[in-house]
Amino acid sequence: MKVRVRIVWGLMVIFLAITVVPLCLFWLWPHSKALDSEFKEVHERHLLLANNLSSALSRYYRDAVAGYEIVSRNLVDGKDFAFADELLTNLSFRHICVAELKGGRVVSEVDTQAFPCPEIIPAKRFAYFQSVAKEERTILTGVLPAPDGQPTLYFLKIYGDRLVVGAVFTDYFVKLGKQISFGRLGHAAIVDQNGRVLAHPLDSWIAEMRDISKVSVVQRMLAGETGVETFYSPALKDDMVAGFTAVDGPGWGVMVPQPVAELKEKAAGIQLSAMVVFAAGLALAAVLAAVLSFALVRSLKTVTLAARAMASGDSSARAAAGDRVFGFDEIENLKTAFNKMGDRIEEVSSRELEARQRAEKANETKSLFLANMSHELRTPLNAIIGFADMMLASPLKLLGHDKRQEYVNDISKSAKHLHALIDDLLDLSKIEAGQFELYEEPTDLSDLLRDAITLVGTAAREREMDLSIEELAGTVSLFADERVIKQAVLNLLSNALRYTQIGGRVILRSSLRASGDLEIVIEDNGPGIPRESIERLMQPFQRRASDVKQGIQGTGLGLSIVSRLIELHGGTFLIESDKGQGTKALICLPKSRVRATDERHQAPRSA
């Protein structure tokens, strides 16, 4: 019992220490970070609002320019434009007037009923329009007072001897600016390219088109900058912090300011709240420390017993689930975590067993590979040694010429088979190690394929095979490793001749796909390959079951090596076949390796 009491007191001290330290940090943090946090939030929120307003204004500007130019062109050309009035109203246009470039007399117009064009544009205003208007592009002026005194923007463009003037209300800007309001005095302000107010909480500033271009943040907007700045506001006579940016296209400026005093008040409120939380948390921590200490000592007993059982070697030991303690889930979560740990240990043990079994299987595979290769290497070596011994055992003069020739031929065939086997193994090992080097150069495709046909021609004639080649029309140059491509084609031709019945047919065909890729096809009418066996035969050391039964020599490396050599050229290799349907081997090389030149048609020929 005394031990239990000491544990409880010890846990209470620990809980109090753990709880009080974070509370102290929580209380101290607002005093040093609250104001910084408020400014950081301004950077994120105000700048986001400014960018959103800028995007909306940029879209409005593009729409207004497009609408102005469509209506202007139709007015100048004397064409009627349906829905022109509706379009201008939607874009806040007062009117669009076409005036003679000399004199300013209005000759055509599109306007709303309340704001028609004047018969003659006032001389002083017209002279200003002439000074800034361009013939090659649309010009937008800064905000100016209309004849009735309302703030107005003007679109200007010269068409020959005509000047087209589009007057736009600033209502859209005012409406858009009033949508942004937060805190007591947080707002949005929009200025034109000259720093004059288009939208502002003070209606008087909008009406008089107040020039605030001297304010530092406005100067940065007009310079095309984006950011956050603290500045003195003449309107509120206080320091403000604002996110600001420029509008892409017209050069307007947008800012979203808020008084710094509001941020300080909010930070002070956070500090006071933190102090209240600290006091309440300290009292609550003392109560909870006592409660949790008793609860933990009682509830950890099941976990302790399970841990002892697991340490003794019982990996199936688990902590028994119990009722929640005083409404908290921490104890049950601990039990759940402990049980999951036990499950994980059992899972890891199971995986270790599976890994050990896979390692043993891999070792068996390695042993089988060594046994197969030992057999493959020994077969030609035994033939070479056997026939050589036979020739050594009998004096050459007692052997007839035919017999000697037979022995020498058999020795040569076995040596070539052994040499091919070693070459395949070396090629495979280089490819696996990533050390196979391609010697790429331009080569004539026709010469390459004809050489391959020539090399297997003798074997085809011996088996009375119909071996033919169908070439592309024109001269095709292939940028590749000629030896490698020829090796792949020879391998596939040899396979086709080997597995096709005597008197069968083998075709070597080349063509260009619609995509420009080069396709080389070796097709035979042999017994074919069961479709479900094709994927397996593309792997190293895999052979057809019939090869073993019929004593056909081979290592099962050919198709695997061909596939990898073609992949090194950025191409693809696949087999299309099924039992009793013949076999089609396809090599596809990318168009980047193919160059086709002059046309010279040549009919297919037989080897």
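Procedures and definitions
- Residues numbered from 1 in each chain as written.
- Predicted model: local features only at pLDDT ≥ 70, side-chain atom pairs only at ≥ 80, totals over all residues.
- Heavy atoms only, no water.
- Helix = DSSP H or I, 4+ residues; strand = E, 2+ residues; numbered from the N terminus.
- Buried < 20%, exposed > 50% of the residue type's maximum accessible area, 1.4 Å probe, protein only.
- Contact = heavy atoms within 4.5 Å.
- Areas by Shrake-Rupley, 256 points an atom, 1.4 Å probe, with all protein chains shown as cover.
- Disulfide = S-S within 2.5 Å.
- Core = buried A, V, L, I, M, F, W, Y, C linked by side-chain atoms within 4.5 Å.
- Pairing = 2+ DSSP bridges.
- Axes fitted to C-alpha atoms, helices over the stretch in contact; angles between N-to-C directions.
- Phe/Tyr/Trp six-rings, centres within 6.5 Å; stacked < 30°, edge-to-face > 60°.
- Salt bridge = Lys/Arg side-chain N within 4 Å of Asp/Glu carboxyl O.
- Expected span 1.5 Å × (residues − 1).
- Bend = angle between axes of the 7 residues up to and from the residue.
- Polar contact = N/O pair within 3.5 Å; in protein donor to acceptor, adjacent residues only side chain to side chain.
- Left-handed = near helix turned anticlockwise from the far one by under 90°.
- pLDDT = per-residue confidence, 0-100.

### Brief notes about the overall build of the chain
Line of reasoning, step 1. Along its length, the chain carries 14 helices and 22 strands.
Line of reasoning, step 2. Across the 607 residues in the chain, those meeting the buried criterion constitute 41%.
Line of reasoning, step 3. Within the chain, residue pairs in contact and separated by at least 24 positions form 62% of the contacts whose partners lie at least 6 positions apart.
Line of reasoning, step 4. In the form shown here, the chain has an accessible surface area of approximately 33600 Å², with 56% of it arising from carbon and sulfur atoms.

### Some words on the state of the cysteines
Line of reasoning, step 1. Applying the stated criterion to the full structure yields one disulfide.
Line of reasoning, step 2. The residue that forms a disulfide with Cys97 is Cys117, at a sulfur-sulfur distance of 1.8 Å. When the S-S torsion is -95°, as for the bridge of Cys97 with Cys117, the disulfide is left-handed. Of the two residues, Cys97 sits in strand S1 (residues 93-100) while Cys117 sits in the loop between strand S2 (106-111) and helix H3 (123-132), which places them 20 residues apart along the sequence.
Line of reasoning, step 3. What makes Cys97 buried here is its relative accessible area of 2%.

### Concerning the nonpolar core
Line of reasoning, step 1. Core analysis: the biggest nonpolar cluster contains 40 residues, and Val489, Leu493, Leu508, Ile520, Phe573 and Ile587 have the highest contact counts within it.
Line of reasoning, step 2. It is helix H11 (residues 482-499) that provides the largest number of residues to this core, a total of eight residues.
Line of reasoning, step 3. When residues no more than four places from it in sequence are discounted, the contact partners of Leu493 are Ala452, Ile453, Val456, Leu467, Val506, Leu508 and Ile522.
Line of reasoning, step 4. In terms of nonpolar packing, the next biggest core, distinct from the first, is built from 38 residues, Ala84, Ile96, Val110 and Phe155 among them.

### Some points on the sheet that holds strand S14 (residues 441-444)
Line of reasoning, step 1. The strand order across the open sheet formed by three strands is S14-S16-S21, and the pairing between neighbours is antiparallel. A single partner strand is all that each edge strand has here, and the edge strands are S14 and strand S21 (594-596). With strand direction ignored, the average angle separating the axes of adjacent strands in the sheet is 25°.
Line of reasoning, step 2. In the sheet, S14 pairs with strand S16 (residues 476-480) via four bridges, with the strands oriented antiparallel. Of the residues in S16, the one forming a bridge with Pro442 is Phe479.
Line of reasoning, step 3. Seen against the sheet, helix H10 (residues 445-462) touches S14 and S16 and runs at an angle of roughly 65° to S14.

### Regarding the sheet that holds strand S13 (residues 253-259)
Line of reasoning, step 1. The five strands are arranged S10-S9-S13-S12-S11 in an open sheet whose pairing can be described as antiparallel. The sheet is open, and its two borders are formed by strand S10 (197-199) and strand S11 (227-233), each paired with just one other strand. Strand-to-strand, the axes of this sheet are offset by a mean angle of 35°, without reference to chain direction.
Line of reasoning, step 2. Against the sheet, helix H4 (residues 171-178) makes contact with strand S9 (189-191) and S10, and its axis sits at roughly 60° relative to S10, the strand it touches most.

### As for the packing of aromatic side chains
Line of reasoning, step 1. All chains considered together, the criterion is met by 10 aromatic pairs.
Line of reasoning, step 2. Put simply, the rings of Tyr60, Tyr61, Tyr172, Phe173 and Trp252 pair up and form one aromatic cluster.

### Some remarks on the pairing of strand S17 (residues 505-512)
Line of reasoning, step 1. Of the pairings in the sheet, the one linking strand S15 (residues 466-470) to S17 comprises five bridges and is parallel in character. What sits directly across from Asp466, in S17, is Arg505.
Line of reasoning, step 2. As paired strands, S17 and strand S18 (residues 518-524) are joined by seven bridges and run antiparallel to one another. Looking at the pairing, Leu512 lines up with Leu518 of S18.
Line of reasoning, step 3. Here S17 hands over to S18 after five residues, with Gly516 in that stretch at a positive phi of 95°.

### Examining unusual backbone geometry
Line of reasoning, step 1. The backbone of Ser92 shows a phi angle near 70°, a positive value even though the residue is not glycine.
Line of reasoning, step 2. Structurally, Ser92 is set in the loop between helix H2 (84-90) and S1.
Line of reasoning, step 3. In this structure Ser92 comes out as buried when scored by relative accessible area, which is 17%.
Line of reasoning, step 4. Despite not being glycine, Met209 has its phi angle at roughly 50°, a positive value.
Line of reasoning, step 5. Checked against the element boundaries, Met209 lands in the loop between helix H5 (203-207) and helix H6 (216-222).
Line of reasoning, step 6. The exposure class of Met209 is buried, given its relative accessible area of 8%.

### What to know about the pattern of salt bridges
Line of reasoning, step 1. Within this structure, the stated rule accounts for 15 salt bridges.
Line of reasoning, step 2. The shortest N-O distance in the salt bridge between Arg162 and Asp161 comes to 3.2 Å.
Line of reasoning, step 3. Lys178 is the partner of Asp203 in a salt bridge, and the nearest nitrogen-oxygen pair spans 4.0 Å. Taken together, the residues span a long stretch of sequence, with Asp203 in helix H5 and Lys178 in helix H4 at a distance of 25 residues.

### Here we look at H10
Spacing of three or four residues puts side chains on the same side of an α-helix, whose turn is 3.6 residues.
Line of reasoning, step 1. The terminal C-alpha atoms of H10, which comprises 18 residues, lie 27 Å apart, in line with the 26 Å expected from a rise of 1.5 Å per residue.
Line of reasoning, step 2. The principal kink in H10, of about 45°, is found at Val456.
Line of reasoning, step 3. Tucked inside the fold, the buried residues of H10 contact S14, S15, S16, H11, S17 and S18.
Line of reasoning, step 4. You can read the cap of H10 off the contacts: a side-chain oxygen lies 3.0 Å from the backbone nitrogen of Ser446, and it is on Asp444.

### Description of the packing of H10 against H11
Line of reasoning, step 1. One way to put it is that H10 packs onto H11 with a least axis distance of 9 Å and a crossing angle of 30°. For H10 against H11, the interelement crossing comes out right-handed. Along its contact with H10, which presents Leu448, Leu449, Asp451, Ala452, Ile453, Leu455, Val456, Ala459 and Ala460, the element H11 presents Glu482, Ile485, Lys486, Val489, Leu490, Leu493, Ser494 and Leu497.

### Overview of the environment of Gln581
Line of reasoning, step 1. Tracing the backbone through its elements, the reader meets Gln581 in the loop between strand S19 (572-577) and strand S20 (583-589).
Line of reasoning, step 2. With 57 residues separating them along the chain, Gln581 and Asp524 place their C-alpha atoms 9.1 Å apart.

### Overview of the confidence of the model for the chain
Close reading of the predicted structure is inappropriate where its pLDDT is low.
Line of reasoning, step 1. The pLDDT averaged across the chain works out to 78; a share of 69% of its residues lies at or above 70.
Line of reasoning, step 2. Within the model, the stretch residues 545-553 combines pLDDT values under 50 with eight contacts to residues more than four positions away or in other chains.
Line of reasoning, step 3. Segment residues 600-607: pLDDT under 50, and 18 contacts once partners within four positions in sequence are set aside and those in other chains are kept.

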